[in-house]
Amino acid sequence: MPLLNKTTSGARGATSPALTRLRAALTLFFALDGFIFAGWVVRIPAIKEQTGASASTLGLALLGVSAGAVITMTLTGRLCSRFGSRQVTVVCGVLMPLSVALPPLTHSAPALGLVLLFFGAAYGGINVAMNSAAVDLVRALRRPVMPSFHAAFSLGGMLGAGLGGLVAGHLSPTRHLLALTVIGLLLTAATAPTLLRYEVPPVPGAHDAAGSGDSGASGGSGGSGGSGGSAESARHDAPGRAARRTRGLVLVFGLIALCTAYGEGALADWGALHLEQDLDAHPGIAAAGYSCFAFAMTIGRLSGTTLLERLGRTRTVVGGGLLATAGMLLGALAPSVGVALAGFAVTGLGLANIFPVAVERAGALAGPSGVATASTLGYGGMLLGPPAIGFMADWFSLPVALTSVAVLAAVAACIGAATGRTPTPGDRTAEPSARRPERTPVR
């Protein structure tokens, strides 16, 4: 094991400039994704008025974003395995800016839903590809830096929402979103060469760990305890058990991601409408609601690496889920705009690191397919969220509907607490104790 550590340390030193450039380029793609998505989100009220949609029909139209994303995520995982995550990231980095210009060209809810399918497909594709590339880079860096990439997404979302609030009273949705298309294509053209030029160096043992599940942890006693037929049987059964457990863990992490993405999607799609319709906020202030949420997520994710190194994943996920529960109850039921904005910010802090942790753990287990599975379940939360909140808003009220975000954040905290001690094969950054060399398993 000391020899492996020395070899890895040398490899990192030799490739650190390339890894630094790759990290910077990938960070820009995350920021671009958040910038474009937020630019679309803050124009939802204007496009709702343009199409004449009710709350429930708008919810069904918004379903197109999540449906398009979920449909393409599994396919994107396979494309990443075949062609490379960075290459697929660049392709989706072209498609997403092109697709964001389409929604303001529609004048009915069905037409809006159709074009949002295309937008959602590009959005889902770039998210799987970027996260798959980020998992590889995190493994090479051997530090829990996944939240920093998602911090860039949140920062891009904050900037996109802030810009949208500033231009909402001066530019039509058509001109605004067309400007986002031009900006997105220019940034992709400038960043893609760096992302494609450098390779992520392989990490010794990483592929074995990802591919074998927890066979090293659970199969050791079986391989050393018996003899003859029982030992042979254990050797044959271990890969199947390891594969089943790996799939089960990926699904659990995906469920945590689902609970988190439900909250992010709810605030993105309905936060501005809640502030404007229920609390009589000015359209510019209503657009700032998502900015507060995105800014808080940015702060939380910028500190995510430190939190994970000091607290470990379990405490980070459980604490974040409980904080988001309290914040969303405040944001949904607040009697004034200021208190609601504060609740949105607290919710952003709580949700900040849950999704990155869930996706990174799934990717560490199963590579691009693990990222695709967890992301599909995660964005299934967005698939469920818009129509569910729309119907609940019609049946009860939008504030009551938004309290469902608090419920699912509490569920994520409970699952995180229940599975917190589950070992992740090949992972050396899950908990503070994993940094101790004597506890690092030999593979």
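See the structure printed just above.
Bear in mind the structure is a predicted one, so any value in this text is a computation, not a measurement. Residue positions are counted from 1 within each chain, in the order its sequence is given. Two thresholds apply to this predicted model, a pLDDT of at least 70 for residue-level local features and 80 or more for giving and counting side-chain atom pairs, whereas whole-chain, interface and lining totals are computed over all residues. In computing side-chain values, all of the structure's heavy atoms are included and hydrogens and water are not.

1. Some remarks on the packing of aromatic side chains
Each pair of aromatic rings taken from Phe, Tyr and Trp, with Trp reduced to its six-membered ring, is defined by centres within 6.5 Å and is described as stacked if the planes are under 30 degrees apart, edge-to-face if over 60, and tilted in the remaining cases. Evaluation of the coordinates by the stated rule reveals 5 aromatic pairs. Ring geometry for F37 and Y123: centres 4.7 Å apart, planes at 15 degrees, overall stacked. Placement of the pair is F37 in helix α1 (residues 2–41) and Y123 in helix α5 (residues 109–141), with a sequence separation of 86 residues. We note that F37, like Y123, is buried. Centre to centre, the rings of F119 and Y123 are 6.4 Å apart; their planes meet at 15 degrees, and the pair counts as stacked. Here the residue F119 and the residue Y123 both occupy positions in helix α5, the gap between them amounting to 4 residues, near one helical turn. Accessibility assignment for this pair places F119 and Y123 in one class, buried. Each member of the aromatic cluster is reached from another via a ring pair, and the members are F37, W40, F119 and Y123. In this description a helix means any DSSP run of H or I spanning at least four residues, a strand means any run of E spanning at least two, and both kinds are numbered starting from the N terminus. For each residue, the accessible area found with a 1.4 Å probe, counting protein chains only, is set against the maximum for its type, and the residue is called buried under 20%, exposed over 50%, and partly exposed in between.

2. Some words on the pattern of salt bridges
Counted as salt bridges are all cases of a side-chain nitrogen of Lys or Arg within 4 Å of a carboxyl oxygen of Asp or Glu. Evaluation of the coordinates by the stated rule reveals 4 salt bridges. For D136, the salt bridge is made with R139, and the minimal N-O distance between the two is 3.4 Å. Of this pair, D136 and R139 both sit in helix α5, 3 residues apart, roughly one helical turn. Under the relative-accessibility criterion, D136 is labelled partly exposed at 30%. By relative accessible area, which is 22% here, R139 ends up partly exposed. R143 is the partner of E309 in a salt bridge, and the nearest nitrogen-oxygen pair spans 3.3 Å. Taken together, the residues span a long stretch of sequence, with E309 in helix α13 (residues 304–333) and R143 in the loop between α5 and α6 (146–167) at a distance of 166 residues. Relative accessible area serves as the criterion here: at 23%, E309 is assigned to the partly exposed category. The exposure class of R143 is partly exposed, given its relative accessible area of 34%.

That is the geometry; function is a separate question.
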